[in-house]
Amino acid sequence: AQRVTQPEKLLSVFKGAPVELKCNYSYSGSPELFWYVQYSRQRLQLLLRHISRESIKGFTADLNKGETSFHLKKPFAQEEDSAMYYCALNANAGKSTFGDGTTLTVKP
Amino acid sequence: NAGVTQTPKFRVLKTGQSMTLLCAQDMNHEYMYWYRQDPGMGLRLIHYSVGEGTTAKGEVPDGYNVSRLKKQNFLLGLESAAPSQTSVYFCASSSGVGRGETQYFGPGTRLLVL
């Protein structure tokens, strides 16, 4: 069975500080991993996906198969990054597994 | 394009009442999903559909039924609402399950069961 773990429910950093949101997964096959973000009073939306190897809004995430991790990183956090972040795994056809989410607060 | 829309946005039910949540998408997506979001528990998959006329159980299907009579619509039904079903419900759709397929989410429906 697949599982996604986000160990931090809450994360608080100061503006300009580096931020890392942790995501670990458990899956026997080749995973497809995503980060979704939910800003206040908005719907969930895709932030980035590992297959694209992209940087969105300054965020990057690298899939580490050895450590089964897909941590989200940004070198300099901004106040507008405050949101709920979900790590998600696409495995079996039609079924996605989401982590419990991490609420990031960036303080001025 | 409106993307994914959900009706209603908010509803209050009494225990035992029934209701149907409607999800519609205009992106011609094959796959549709219903999730519930509870504090501290993230998103949990209730039911999903891989195409018109098909449905399948997710992680927490009990107490819910779904139908996908038209490709663009995915209905979630509560036959006899219970307080434990108080939650925010999100619908999502995706074009398929190829590598890197993104899910597109609706705005959510807040349901309160008294």
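Before reading further, recall that the structure is shown in the block above.
Residues numbered from 1 in each chain as written. Chains lettered and ligands numbered in written order. Predicted model: local features only at pLDDT ≥ 70, side-chain atom pairs only at ≥ 80, totals over all residues. Heavy atoms only, no water.

Draft legend 1. Molecular detail of the state of the cysteines. Taken as a whole and judged by the stated rule, the model has two disulfides over all chains. Disulfide pairing is shown between cysteine 23 of chain A and cysteine 87 of chain A; the S-S distance is 2.0 Å. Its S-S torsion of about -65° marks the bond between cysteine 23 of chain A and cysteine 87 of chain A as left-handed, since a negative value means left-handed. Highlighted residues: cysteine 23 of chain A in the loop between strand S3 (19-21) and strand S4 (24-26) and cysteine 87 of chain A in strand S9 (residues 83-90), separated in sequence by 64 residues. Taken as a pair, cysteine 23 of chain A and cysteine 87 of chain A share a single burial class, namely buried. The partner cysteine of cysteine 23 of chain B in its disulfide is cysteine 91 of chain B, sulfur to sulfur 1.8 Å. In this structure the cystine formed by cysteine 23 of chain B and cysteine 91 of chain B twists about its S-S bond by roughly -75°; its chirality is therefore left-handed. Of this pair, cysteine 23 of chain B sits in strand S3 (residues 19-25) while cysteine 91 of chain B sits in strand S9 (residues 87-94), and the two are 68 residues apart along the sequence. As far as burial versus exposure is concerned, cysteine 23 of chain B and cysteine 91 of chain B are alike and both buried. (Disulfide = S-S within 2.5 Å. Helix = DSSP H or I, 4+ residues; strand = E, 2+ residues; numbered from the N terminus. Buried < 20%, exposed > 50% of the residue type's maximum accessible area, 1.4 Å probe, protein only.)

Draft legend 2. Representation of the sheet that holds strand S7 (residues 65-67) of chain B. Residue and element names in this part refer to chain B. The antiparallel open sheet is built from four strands, whose spatial order is S1-S3-S8-S7. In this open sheet, the two edge strands, each paired with only one partner strand, are strand S1 (4-7) and S7. Taken over all neighbouring pairs, the strand axes of this sheet differ in orientation by 20° on average, direction set aside. Bridge count between S7 and strand S8 (residues 73-78): three bridges; the pairing is antiparallel. Opposite serine 67, over in S8, you have leucine 75 as the bridge partner. (Pairing = 2+ DSSP bridges. Axes fitted to C-alpha atoms, helices over the stretch in contact; angles between N-to-C directions.)

Draft legend 3. Representation of the interface of chain A and chain B in the model. Of the residues lining the interface, 22 residues belong to chain A; the matching set on chain B comes to 24 residues. Both sides of the chain A and chain B interface together cover about 1,900 Å² of buried area, and 49% of this is carbon and sulfur. At the junction of chain A and chain B, the tally comes to zero salt bridges. For the side of chain A that touches chain B, the secondary-structure elements that each account for two or more residues are strand S5 (32-38), strand S6 (45-49), S9 and strand S10 (96-98) of chain A. Among the elements that make up the side of chain A that touches chain B, the one with the highest residue count is S5 of chain A (four residues). Here the residues of the side of chain A that touches chain B sort into nine nonpolar, seven polar and six charged. (Contact = heavy atoms within 4.5 Å. Buried area = accessible area lost by both parts, 1.4 Å probe. Salt bridge = Lys/Arg side-chain N within 4 Å of Asp/Glu carboxyl O. Nonpolar A, V, L, I, M, F, W, Y, C, P; charged D, E, K, R; others polar.)

Draft legend 4. Structural context of the packing of aromatic side chains. Counted according to the given criterion, the structure contains ten aromatic pairs over all chains. An angle of 80° between the planes, with centres 6.3 Å apart, marks the rings of tyrosine 86 of chain A and phenylalanine 98 of chain A as edge-to-face. With tyrosine 86 of chain A in strand S9 and phenylalanine 98 of chain A in strand S10, the pair connects residues that are twelve residues apart, well separated along the chain. The pair tyrosine 86 of chain A / phenylalanine 98 of chain A is uniform in exposure class, with both members buried. Geometrically, the ring pair formed by phenylalanine 98 of chain A and phenylalanine 105 of chain B is edge-to-face, given 6.0 Å between the ring centres and 80° between the ring planes. (Phe/Tyr/Trp six-rings, centres within 6.5 Å; stacked < 30°, edge-to-face > 60°.)

These values are about where atoms sit, not about what they do.
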